[in-house]
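Report on the structure
Chain by chain, the residues run as shown.
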Amino acid sequence: MGHAVVLGATGQIGRAAVRALAADGWAVTAASLGGGRDDGWPDGVRVTRLDRADDTAVTRLVGDGCDVLVDIVAHGAEHARQLAAVRDRVGSAVVISSGAVYEDERGRSFDTQDEPDGFPRYPVPIPETQRTVGPGEATYGTRKVRLERELLALGDALPTTLLRAGAVHGPHCRAPRELYFVKRVLDGRRVRVLSHGGTGLFHPVSVLNLAELVRLAAARPGSRVLNAGDPDTPTVAGIGAAIDAVMGFESETVLIEGEAPGKGVGLTPWTTAHPVVYDMTAARRELGYTAVTTYADSLPDTVAWLTDRLAGRDWRTAFPVLARAYDPVIDLFDYAAEDAWLTARAA
């Protein structure tokens, strides 16, 4: 297949992408800040260190060239410039973007969801032609849009497939949404409270399905933007039930119709006022994409990894990125607030 260079190889997505490319016959160079190796990689995978803060590091890594450059961690103008600098030595690129780039017809996006009436109301499903936030450096979404536009502007000089990922799940996640239900089971928490009737939809994507999209795009170069999602979009209540099934647990689900009464009651990392579902038609058409797993089928590995990592540790210590991401917005495990609300409800 040729030579593939993967940037961000020891992260959640990178580990799976390296495995998929190596299994497909690529000679893979796996680059990461620590220069580590995943136990699931074949011996032929070459590992090396890469510091993206060094603006010339990618150029040195690519050296005389490679057939495909896979960038898992790129965002913003700085990383776009690093990729553009090697366009004459790279056959094509595959870059992970995000579904967070989309905005609705009123200009609402993930960036505005904490404002009154700020949660976006997207079409269902969301096509790649849906408008996006403007490019910039202020937020995660605006930086991803700037990255996308600068890379697409290179055209045939560096054909780039941009994969707009949904809610990524699987082992090695730094901010695993599934911990919300897994920890409750481990804590013996028998009751859970879900707002919006537990029917919220926030399209997930397994790292295995993302890796399959990377593999397919590497073999079919082109300049394009594609959504990246699982074949199914389970509801919040459905996710909780699926995790219970994996862990052999039975929970009572108390449903709230409408908004949550407080940040510690009824809110989850998947909670949305309106559904977020990505259209996967273009990926099937352009890459021949067929998902390699479903949400439920991929859960046992995720649950096992989370349980092992959490053993004997405070969840904030085990998952500091998750704590920083959600603590200002959601009290993920505020059992006292839940109990108080349940008592008042019963009264």
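Structural data are supplied above this passage.
The structure reproduced in this document is the subject of the present report. Note that this is a predicted model, so its numbers are computed, not measured.

What counts as what
Residues numbered from 1 in each chain as written. Predicted model: local features only at pLDDT ≥ 70, side-chain atom pairs only at ≥ 80, totals over all residues. Heavy atoms only, no water. Salt bridge = Lys/Arg side-chain N within 4 Å of Asp/Glu carboxyl O. Helix = DSSP H or I, 4+ residues; strand = E, 2+ residues; numbered from the N terminus. Buried < 20%, exposed > 50% of the residue type's maximum accessible area, 1.4 Å probe, protein only. Contact = heavy atoms within 4.5 Å. Phe/Tyr/Trp six-rings, centres within 6.5 Å; stacked < 30°, edge-to-face > 60°. Lys NZ or Arg CZ within 6 Å of the ring centre and 35° of its normal.

For the rest of this paragraph, the subject is the pattern of salt bridges. Evaluated as defined, the whole model comprises 23 salt bridges. Across the pair Arg131 and Glu103 runs a salt bridge, and its minimum N-O distance is 2.8 Å. Taken together, the residues Arg131 in the loop between β5 (90-98) and α4 (140-152) and Glu103 in the loop between β5 and α4 connect sequence positions 28 residues apart. Classification of Arg131 by relative accessible area gives partly exposed; the value is 37%. Residue Glu103 is classed as buried on the basis of its relative accessible area of 12%. Residue Arg146 is joined to Glu137 by a salt bridge in which the shortest nitrogen-to-oxygen separation is 3.5 Å. Under the relative-accessibility criterion, Glu137 is labelled partly exposed at 38%. When salt bridges with common partners are traced through the structure, they connect Asp104, Arg106, Arg108 and Asp117 into a single cluster.

Another aspect to go through is the environment of Val133. Secondary-structure assignment places Val133 in the loop between β5 and α4. Classification of Val133 as buried rests on a relative accessible area of 6%. Each C-alpha atom, one on Val133 and one on Arg146, is 9.7 Å from the other, the two residues being 13 residues apart in sequence. If we skip the residues at most four places from it in the chain, Val133 touches Val101, Tyr102, Glu103, Ser109, Asp111, Gly141, Thr142, Val145 and Arg149.

With that settled, the discussion passes to the packing of aromatic side chains. A full pass over the atoms with the stated rule returns ten aromatic pairs. Ring geometry for Phe110 versus Phe202: centroids 5.7 Å apart, planes at 45°, classification tilted. Placement of the pair is Phe110 in the loop between β5 and α4 and Phe202 in the loop between β8 (191-194) and β9 (204-206), with a sequence separation of 92 residues. On the basis of relative accessibility, which here comes to 15%, the residue Phe110 falls in the buried class. Members of the aromatic cluster, joined through ring pairs, are Tyr180, Phe181, Trp270, Trp315, Phe333 and Tyr335. Arg184 extends its terminal NZ or CZ atom over the ring of Tyr180, reaching a point 4.3 Å from the ring centre. Seen from the ring of Phe319, Arg309 lies directly overhead, with NZ or CZ sitting 5.5 Å from the centre.

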